[in-house]
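As a plain string of letters, each chain reads:
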Amino acid sequence: MRVGVLTGGGDCPGLNAVIRAVVRRAERGFGDEVIGFVDGYRGLIDDEWMPLDVGSCRGILPRGGTIIGTSRIQPYMFDDGVDRARATMALHDIDSLIVIGGEGTLSAASRLDSEGFRVVGVPKTIDNDIGGTDMTFGFDTAVQIATDAIDRLHTTAESHDRVIVVEVMGRHVGHIATWAGIAGGATVILVPEEPFDIAKVCDSLHRRHAKGRYASIVVVAEGARPAEGTFELAEPSLDEYGHQRLGGIANVVASEIEARTGYETRVTILGYVQRGGTPTAFDRVLSTRFGVEAMNAAHESDTGKMVALDGGVVVRKPFADCIADLKVVPPALLEVSHTFTA
Ligand code: F6P
C-alpha cells in the first residue's frame with residue numbers, strides 16, 4: 001500500500017517526529033511505502049513530492065519545523081484544486097493520505113474525505129485549540145519556552161521595579177497564556193476567553209504594588225481583547241489567506257498600564273520563538289504515538305478520522321466530532337489561574 005503524508009498550516013515542534021513515526025510504522029510494521037507532499041496541500045495540488053523512508057527520516061526526531069515543508073494553501077482555494085489533488089493521488093497510486101495540521105488544514109481534510117479521498121488527520125498546533133483531543137503536540141514545547149522566558153523576565157523586572165507585559169501566541173484561545181502564566185507566577189493573565197477590563201488589570205497591579213512589591217509580569221495572549229466599552233482597539237489587518245495578522249496587543253496593554261498607573265512598563269513579544277526549535281520529550285512522545293496510530297488507521301483504511309489523546313489514551317475520532325468547535329481553556333483552569341492573579 002502507498003500512503004501520502006503532508007503537513008499544513010503554521011509549523012510546530014513535533015511535526016518531524018510524527019513523520020518519522022508514520023514512516024517507521026509503514027515500512028517496518030506493514031511493508032508500506034510513504035511519500036511526502038511538499039509544502040502541505042500545495043504539493044498535492046502541484047504534484048510535488050519526495051520519497052520518505054526510514055533512512056531519510058534518520059535524525060529528525062528532535063528537529064523543529066517540518067522536513068517536507070508547510071503552507072496555508074488548500075485545494076478549496078482553487079476551482080480545479082480538488083481535481084488536481086485527485087489526479088496526483090491516482091498518479092501515485094496513493095491509498096490514503098495522512099494530513100498533519102491545525103483547524104484549517106483538518107477542516108479541508110474532512111471535506112476531502114467526504115469527497116472520496118481517504119484521509120486520516122493528526123492534530124497539531126502550539127495553540128492547543130483542536131477539539132476532541134486532550135492536547136495537540138507542540139503545545140507543551142511552546143509552554144516550556146514561554147515559561148523559561150517569564151522566569152528570565154522576573155529577574156530583570158525585579159531589578160528595575162518594572163511591569164513587564166509578555167505576549168504569547170494564542171489566536172482564539174489562551175491555553176499557552178494560562179499554562180505559562182500559572183507556571184511562571186504571573187500577576188495577571190489575559191486570554192481571549194475572558195475579554196479584559198484594563199481598569200481591573202491596573203487595580204490588580206496597584207494592590208500588589210501596595211504590598212511593597214514593585215515588579216509584575218502580565219501575560220497576554222495575542223488574541224486577547226478588551227471588554228466592550230472599556231477601550232478601543234484598531235482592527236487587525238488581514239494576511240493573504242484572510243487571517244487576522246495578530247501580534248502587538250502587549251504594546252497597547254503596556255502603554256495603558258503605564259499611563260494609568262505610572263509604573264514603568266516594558267514589553268516582550270515572544271512570537272515565533274515559541275514555534276521553532278526542538279520539541280520537549282513530552283511532545284516527541286505524543287507526536288510518535290500520533291504518527292504510529294495514524295499509520296495504523298491508514299493501513300486499515302479506517303479513514304475520515306483524526307487521532308486524538310483522550311484520557312491519556314490515543315484513539316481515533318471522526319473528523320466531525322473534533323473540528324466543529326475550538327477547544328477553549330476549561331473554566332476550572334481559568335479559576336485556578338484567578339487564585340493567583342487578578
Ligand atoms: O499555529 C498557530 C499560530 O502559531 C498562532 O498562534 C498564530 O496566531 C499563528 O499561528 C501565526 O501564523 P503565521 O505563521 O501565519 O504568522
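Only a predicted model underlies this, so the values are computations on that prediction, with no experimental measurement involved. (Residues numbered from 1 in each chain as written. Predicted model: local features only at pLDDT ≥ 70, side-chain atom pairs only at ≥ 80, totals over all residues. Heavy atoms only, no water.)

## Here we look at the nonpolar core
Rules: Take the buried residues of types Ala, Val, Leu, Ile, Met, Phe, Trp, Tyr and Cys, join any two whose side-chain atoms come within 4.5 Å, and each joined set is a nonpolar core. Only protein chains enter the area calculation, which uses a 1.4 Å probe; residues under 20% of their type maximum are buried, those over 50% are exposed, and those in between are partly exposed. Working definition: helices are DSSP H or I runs of at least four residues, strands are E runs of at least two. Numbering for both runs from the N terminus. Each domain's extent was defined by an automatic or database domain assignment.
Formed by 56 residues in total, the largest nonpolar core has its most connected members in I98, I100, V122, F137, I176, I217 and F290. Broken down by element, the residue count for this core peaks at eight residues, all from helix 5 (residues 139-160). Two domains each provide a minimum of three residues to this core, namely domain 1 (2-138 + 279-321) and domain 2 (141-276). Core analysis: the next-biggest nonpolar cluster, separate from the first, contains 22 residues, F37, M89, A109 and M306 among them.

## Looking at the domain arrangement of the protein chain
Quick note on the threshold: When checking whether two residues touch, look at their non-hydrogen atoms; a contact exists if any pair is within 4.5 Å. For any pair of parts, buried area is found by adding up, for both, the accessible area (1.4 Å probe) each one loses once the two are put together. We define a salt bridge as a side-chain nitrogen of Lys or Arg found within 4 Å of a carboxyl oxygen belonging to Asp or Glu.
What the domain assignment lists for the protein chain is domain 1 (2-138 + 279-321) and domain 2 (141-276). Measuring from the centre of the C-alpha atoms in domain 1 to the corresponding centre in domain 2 gives 33 Å. Facing the 17 residues of domain 1 at the interface are 16 residues of domain 2. Surface buried jointly by domain 1 and domain 2 totals about 1300 Å² across both partners, of which 59% is contributed by carbon and sulfur atoms. Three residues stand out in domain 1 for area buried against domain 2, namely R72, I126 and D127, and they jointly supply 41% of the buried area on that side. The interface formed by domain 1 and domain 2 contains one salt bridge.

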